[in-house]
Amino acid sequence: MSIEQELPPPMVLTFAASDPTGGAGIQADLLTLASLGCHPLSVVTALTVQDTAGVDALLAIDAGWVADQARALLEDMPVAAFKFGLLGSIETIAAIAEIVSDYPEVPLVFDPVLASGRGDQLADEGMVDAMIDLLLPRTTIITPNSMEARRLVLEDEDEGDDSGEASTGYARPTLSECARRLINAGAEHVLITGTHENTPRVVNTLYGARGRMREDAWDRLPGSYHGSGCTLASAIAANLANGLEIESAVYEAQEYTWRALAAGFRPGMGQYLPDRLFWARQEASGDD
């Protein structure tokens, strides 16, 4: 009996830290990518000790190991998109930047994980500088929340200030200004999410070289969610790998993420987790 050969699903390579809860990190990426019809490939950048409340410890993987993981995969299989999450160290950022520079045609989605939902710091100033200098020029779309966007811009501003005076932090840039600066630093597109803004609905705005491209508003959901940013960025990567143009990829990823959050559950004593397989449970129960 012969087996009919079919084209494989598009493959997306994610670089991220392991999250034992399955709520965020590389586990969130794998669930999201598979849910949206891609075959996920993964490079572990760090190990964490965490629960649904926050991150207690982080162990960055040696940059050489990270590079070896990626090279082994890339020399064996075609990759349709890259997705970056928590990267662990300056050395790892440099190693990854060198690797992806060999694949300029592959879209790259960058979720700049700077802190946990509880506020645990996961990237220092040196890492932020390396992200801006080494990764933004290769980034198709970066997906910071409003707090991350401002931190990226303000720390880059401090780095470039030769006055010898520290920034006071009082002149908080607008989100459109943050997007403009990130694009000037090399990103093709910026999607700033408004979860942390004091607005009746969550407003997410996509920017390109000519300014604002689209703005989408979503009903605020009760509770606090772990892994929403990972889910959104991975969904964009999956949609780009599946051939969608950037605006459609961003909108469809937002809708998927909102539905995953709306179906979320609280397995522990901390945050809710998105249900990235909500559609499968709905089909099983007969719901629309």
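Here the structure is a predicted model, which is why all the values come from computation and not from measurement.

Participant: Give me the side chain of Thr140: which residues, what numbers.
Facilitator: Structurally, Thr140 is set in the loop between helix H4 (125-135) and strand S6 (141-142). In this structure Thr140 comes out as buried when scored by relative accessible area, which is 12%. Only 2.9 Å separates the side chain of Thr140 from the backbone nitrogen of Leu108, close enough to count as a polar contact. What Thr140 contacts, discounting residues up to four positions off in sequence, is Pro107, Leu108, Glu188 and His189.

Participant: Give me the lowdown on the packing of aromatic side chains, citing residues and values where you can.
Facilitator: In total, this model carries 7 aromatic pairs according to the counting rule given. Among the aromatic residues, those joined into a ring-pair cluster are Phe15, Phe82, Phe84, Tyr103 and Phe110.

Participant: Quick rundown of the pairing of strand S2 (residues 39-50)? Include the residues and the values.
Facilitator: Strand direction decides the pairing type here: strand S1 (residues 11-18) and S2, joined by 8 bridges, are parallel. Bridged to Phe15 within S2 is Val43. In this region the chain leaves S1, passes through helix H1 (residues 25-35) and returns to the parallel neighbour S2; the handedness of that crossover is right-handed. Bridging between S2 and strand S3 (residues 55-60) involves 5 bridges; their strand directions are antiparallel. The residue of S3 that forms the bridge with Leu47 is Leu59. The hairpin turn running from S2 into S3, its antiparallel successor, is 4 residues long.

Participant: Lay out the confidence of the model for the chain in plain terms, naming residues and giving numbers.
Facilitator: Averaged over every residue, the pLDDT of the chain is 91; the share at 70 or more is 91%. Of the regions scoring below 50 in pLDDT, residues 160-169 engages in 2 contacts with residues more than four places distant in sequence or in other chains.

Participant: Tell me about the nonpolar core, and please be specific about residues and values.
Facilitator: Leu13, Phe15, Phe82, Phe84, Phe110 and Val190 are the most contacted members of the largest nonpolar core, which totals 48 residues. Ignoring sequence-local partners within four residues, the contact set of Phe84 consists of Phe15, Ile96, Val100, Leu108, Val109, Phe110, Asp111 and Leu135. Ranked by size, the runner-up nonpolar core spans 23 residues in total, among them Val109, Ala233, Ala238 and Ala241.

Conventions and cut-offs
In every chain, residue numbers begin from 1 and rise along the written sequence. Given that the model is predicted, a residue must reach a pLDDT of at least 70 before its local features are reported, and side-chain atom pairs must reach 80 or more before they are shown or counted; all residues, however, enter totals for whole chains, interfaces and linings. Computation of side-chain values: all heavy atoms of the structure, hydrogens and water removed. Under the scheme used here, helices are H or I runs from DSSP no shorter than 4 residues and strands are E runs no shorter than 2 residues, and both carry numbers assigned from the N terminus. Exposure is judged per residue with a 1.4 Å probe applied to protein chains only, and the accessible area is read against the type maximum: over 50% gives exposed, under 20% gives buried, and values in between give partly exposed. Identification of polar contacts relies on pairs of N or O atoms within 3.5 Å, with a donor-acceptor requirement for protein atoms, meaning one able to donate a hydrogen and the other able to accept it, and with residues adjacent in sequence counted only if both atoms are side-chain atoms. In what follows, a contact means two residues having at least one pair of non-hydrogen atoms within 4.5 Å. Only Phe, Tyr and Trp rings take part, Trp by its six-membered ring, and two of them pair if their centres are within 6.5 Å. Stacked means planes under 30 degrees apart, edge-to-face means over 60, and tilted covers everything else. Two strands make a pair as long as DSSP finds a minimum of two bridges between them. The handedness of a crossover follows from its direction of travel: if, with the strands pointing away from the viewer, the path from the first strand over the helix to the second runs clockwise, the crossover is right-handed. What pLDDT expresses is the predictor's confidence in each residue, scored from 0 to 100. Only buried residues count toward a nonpolar core. Its members are Ala, Val, Leu, Ile, Met, Phe, Trp, Tyr and Cys residues joined through side-chain atoms within 4.5 Å.

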